[in-house]
Amino acid sequence: MLSIEITKGKTTVYFDASTDVLYDRLAFVGVKDIPISGTDEATVKIFTWDDEKLADMIKDKLSDSDKMSEINELCRKVTYLRPADEQALMDRFEKENAQGAAKMTEIVDEMGLEVVPPLKRYDYIEGDEDEEPVMTEPNM
């Protein structure tokens, strides 16, 4: 959904939100839960994934005081939404002129949206027609 770059001194870390290891990533560059505006010592850049309308909208509606943990939590709740739910969420963000990660998370919670994990798919090994299909992870 969102890719984040944090630089402090000569050390830079990149990660995608949401991540289960947010505080490890922040510790790598020696910062705590910093706002997206950065600090005197650390800079933050946020990038959206290609062709992600919801990610673009979220990035545009973030406020400088939003912290990494708030953004990570919001992304955890909206990554892999069903297309219809994603459109409904974008419409609601527009309607309510939602600004800031906390407000957007509140709207997601009110709507009761649930993420759908990426689908697993079955691959067949060529030449083994009698074999059972093999479950593989999707390529991302």
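This text follows the structure it describes.
Our subject in this report is the structure included herewith. Values in this document were obtained by computation on a predicted structure and should not be read as measured data.

This next bit is on the packing of helix H2 (residues 53-61) against helix H4 (residues 83-96). Two elements in contact, H2 and H4, have axes separated by 10 Å at closest approach and are oriented at 25°. Taken together, the axes of H2 and H4 are roughly parallel relative to one another. When you trace H2 past H4, the crossing you get is left-handed. Each of Lys53, Leu54, Met57, Ile58 and Lys61 in H2 lies in contact with H4, whose residues at this interface are Glu86, Leu89, Met90, Phe93 and Glu94. Of the residues belonging to the contact of H2 with H4, the class tally is 6 nonpolar, no polar and 4 charged.

In an α-helix, one full turn covers 3.6 residues, which means residues spaced three or four apart are oriented alike. All of the buried residues along H2 are Leu54, Ala55, Met57, Ile58 and Lys61. Projected onto a plane normal to the axis of H2, the buried residues spread over an arc of 160° and lie on a single side. The exposed residues of H2 that point more than 90 degrees off its buried face are Lys53 and Asp60. Packing partners of the buried residues in H2 comprise strand S1 (2-8), strand S3 (42-48), helix H3 (68-78), H4 and helix H5 (101-111).

Here we come to the environment of Val29. Inspection of the secondary structure assignment puts Val29 in the loop between helix H1 (22-28) and S3. The class for Val29 is buried, based on a relative accessible area of 5%. Val29 sits 18 residues away from Thr11 along the chain, and the two C-alpha atoms are 5.9 Å apart. When sequence neighbours within four positions are dropped, the list of residues in contact with Val29 reads Ile6, Lys8, Thr11, Thr12 and Val13.

What follows concerns the nonpolar core. In this structure, Ile6, Ile58, Met68 and Phe93 are the most contacted members of the largest nonpolar core, which totals 36 residues. Contributing elements (two or more residues each) for this core: S1, strand S2 (11-17), H1, S3, H2, H3, H4 and H5. A total of 5 residues in this core trace back to one element, the largest contributor, which is H3. In contact with Ile6, other than residues within four places in its own chain, are Thr11, Thr12, Val13, Phe15, Leu26, Val29, Val31, Ile34, Ala42, Thr43, Val44 and Met68.

The rules we used
- Residues numbered from 1 in each chain as written.
- Predicted model: local features only at pLDDT ≥ 70, side-chain atom pairs only at ≥ 80, totals over all residues.
- Heavy atoms only, no water.
- Axes fitted to C-alpha atoms, helices over the stretch in contact; angles between N-to-C directions.
- Helix = DSSP H or I, 4+ residues; strand = E, 2+ residues; numbered from the N terminus.
- Parallel < 35°, antiparallel > 145°, perpendicular 65-115°, else oblique.
- Left-handed = near helix turned anticlockwise from the far one by under 90°.
- Contact = heavy atoms within 4.5 Å.
- Nonpolar A, V, L, I, M, F, W, Y, C, P; charged D, E, K, R; others polar.
- Buried < 20%, exposed > 50% of the residue type's maximum accessible area, 1.4 Å probe, protein only.
- Arc of directions from axis to C-beta.
- Core = buried A, V, L, I, M, F, W, Y, C linked by side-chain atoms within 4.5 Å.

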